[in-house]
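Geometric and topological summary
Now for the letters of each chain:
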Amino acid sequence: MEPVYVKRRQRGLAVLIASLLLIIFTIIYVASQRVFPTGNSTDYEGNGNGVVQMVEIKEGSTVSELGPELVNRGIVKSNSAFQTAANSSTKASAIEPGFYRLQGEMSAAAAIAALVNPANKVEALDIVGGATLMDINVVGGQTRYGIYSQISKVTCYEGSRNCINAQDLQNIAATTDPAELGVPDWALDAVRAHNGDPRRLEGLIVPGQYMVNPDHDARAVLTDLITKSATAYNNTGIVERAQGVGLSPYQLITAASLVEREAPAGEFDKVARVILNRLKAPMKLEFDSTVNYGLTSQEVATTDEDRKRVTPWNTYAKEGLPDTPIASPSIQAIEAVENPAQGNWLFFVTIDKKGTTVFNDTYEAHLRDTQQAISNGVLDSNR
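Read on for an overview of the structure. For clarity, every value in this text was computed on a predicted model and none was experimentally measured.

Turning to the state of the cysteines, a few remarks are in order. Within this structure, the stated rule accounts for one disulfide. A sulfur-sulfur separation of 1.8 Å characterises the disulfide bridge that pairs C156 with C163. A torsion of 90° about the S-S bond marks the disulfide between C156 and C163 as right-handed. You can call C156 partly exposed: its relative accessible area is 29%.

This brings us to the layout of surface pockets. Taken as a whole, the largest pocket holds about 1200 Å³ of empty space. For the largest pocket, the lining is made up of 41 residues, of which E262, D288, V300, V349 and L379 are closest to its centre. Elements with a minimum of two residues in the lining of the largest pocket: β4 (136–138), α10 (249–262), α11 (268–280), α12 (288–293), β8 (347–350) and α15 (363–375). Formed jointly, the lining of the largest pocket draws a minimum of three residues from each of two domains, domain 2 (125–234) and domain 3 (249–376). If you add up the space inside the second largest pocket, you get close to 180 Å³. Taken together, the elements giving at least two residues each to the lining of the second largest pocket come down to β1 (52–57), β2 (98–103) and α8 (218–234). Classifying every residue of the lining of the second largest pocket gives four nonpolar, three polar and five charged. For the lining of the second largest pocket, the domains that each give at least three residues are domain 1 (52–120) and domain 2 (125–234).

With the rule as written, the count across this model stands at twelve salt bridges. A salt bridge links K121 to E96, with the shortest nitrogen-to-oxygen separation between them at 3.2 Å. Of the two residues, K121 is situated in the loop between α4 (108–116) and β3 (125–127) and E96 in the loop between α3 (79–88) and β2; the sequence distance between them amounts to 25 residues. Classification of K121 as partly exposed rests on a relative accessible area of 22%. Note that D177 and R192 form a salt bridge whose closest N and O atoms lie 3.3 Å from each other. One end of the pair, D177, is in the loop between α6 (166–175) and α7 (185–192); the other, R192, is in helix α7, with 15 residues separating them in the sequence.

Counting 62 residues, the largest nonpolar core has L201, V259 and I275 as its most contacted members. Of the domains in this structure, domain 2 (125–234) and domain 3 (249–376) are the two that each give at least three residues to this core. Once you skip the residues sitting within four places of it in the chain, I275 turns out to touch A255, L258, V259, L285, F287 and L321. In this structure, I75, I95, L102 and L115 belong to the second largest nonpolar core, which totals 21 residues.

So, on to the packing of aromatic side chains. Summed over the entire model, instances satisfying the criterion amount to five aromatic pairs. Consider the rings of F347 and Y363, whose centres lie 5.8 Å apart with planes at 50°: the pair is tilted. Taken together, the residues F347 in strand β8 and Y363 in helix α15 connect sequence positions 16 residues apart. Relative accessible area serves as the criterion here: at 9%, F347 is assigned to the buried category. The structure contains a cluster of three or more aromatic residues connected by ring pairs, namely F287, W345, F348 and F359. Over the face of the ring belonging to Y316 we find R307, whose NZ or CZ atom lies 5.8 Å from the ring centre.

Thresholds, definitions, all that
- Residues numbered from 1 in each chain as written.
- Predicted model: local features only at pLDDT ≥ 70, side-chain atom pairs only at ≥ 80, totals over all residues.
- Heavy atoms only, no water.
- Disulfide = S-S within 2.5 Å.
- Buried < 20%, exposed > 50% of the residue type's maximum accessible area, 1.4 Å probe, protein only.
- 1 Å grid on protein atoms, 1.4 Å probe; cavity = no way out; pocket = protein on both sides within 12 Å on 5 of 7 lines; lining within 4 Å.
- Points joined across faces, edges and corners; volume = space filled by probe spheres on them.
- Helix = DSSP H or I, 4+ residues; strand = E, 2+ residues; numbered from the N terminus.
- Domains from an automatic or database assignment.
- Nonpolar A, V, L, I, M, F, W, Y, C, P; charged D, E, K, R; others polar.
- Salt bridge = Lys/Arg side-chain N within 4 Å of Asp/Glu carboxyl O.
- Core = buried A, V, L, I, M, F, W, Y, C linked by side-chain atoms within 4.5 Å.
- Contact = heavy atoms within 4.5 Å.
- Phe/Tyr/Trp six-rings, centres within 6.5 Å; stacked < 30°, edge-to-face > 60°.
- Lys NZ or Arg CZ within 6 Å of the ring centre and 35° of its normal.

Right under this line is the structure:
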């Protein structure tokens, strides 16, 4: 029989070993939870803490790629939970590029639900061909809001922390050195010649849909738009193409703005040819759109008095092109001037409300077609 003291020593050793194993397992468990969290510790609960954060899904990226960024910014707790929620959603793969409003400390499912909800997407800036920087009062109609007002609208949504008003944009456009705003080298001298005028950037923002970063100020927004537009225009080969048609790149932008405002769809290249033929003749362009650009209220028809008014744009009262573009020309309008149709036309007029446009070589034929336009009510005035 073993002595009592031996048994006691064995029991004590067993208790010591058990205690050590318990401590070791506890340490391993705690460490594993830090590295490989499980259960509720991988996810926040609820729809967020009320602190709005802007999240961008960039062009060409997927929702899944957002995971690490959202974790780092404290929006979701773990990438694994976010990926699980994204894979469980039938709508996640259809989320479009843009800026979205999320909150801090959201459950992964709540974050995905917010991303697929259109109400949380920041409205895109949609600039159409022929848009102007400033608002236009249309005679007998509503105000046609300009690019400055459009930018203000998409940044001044409910809950916005960075509402940009149109006046701030105008001030930046009028006074900031254009080189700092991304204006291309070939337009710098022309823009600087109109220092103090918020319209001096006219024509330098290409039509299209833009995602405006809600955290940018007025200067950053304009710089982004103008820089992207300069790249788009340069990609058409505008410098070389302008030489081919006898214009400077800035003059080509100006001519394209006339095409955008004067030509119906499908006739851009023909109207471009008329402009170039008249400049070569030389003949005054005599475009009503250039008369309207200097007026506070506009409509298609212009008055005799307005056509006599001398402005930097009125091509009834001045030779050659307007001093600046009169609108934002689309890439299609730019390419039409770069590659005009072949023809001897000097005149064109839209003769009906369907948009039928006829081109003529002689003034007599043009007068005949203009009378038809008048008879069809195309040139009726609301003044």
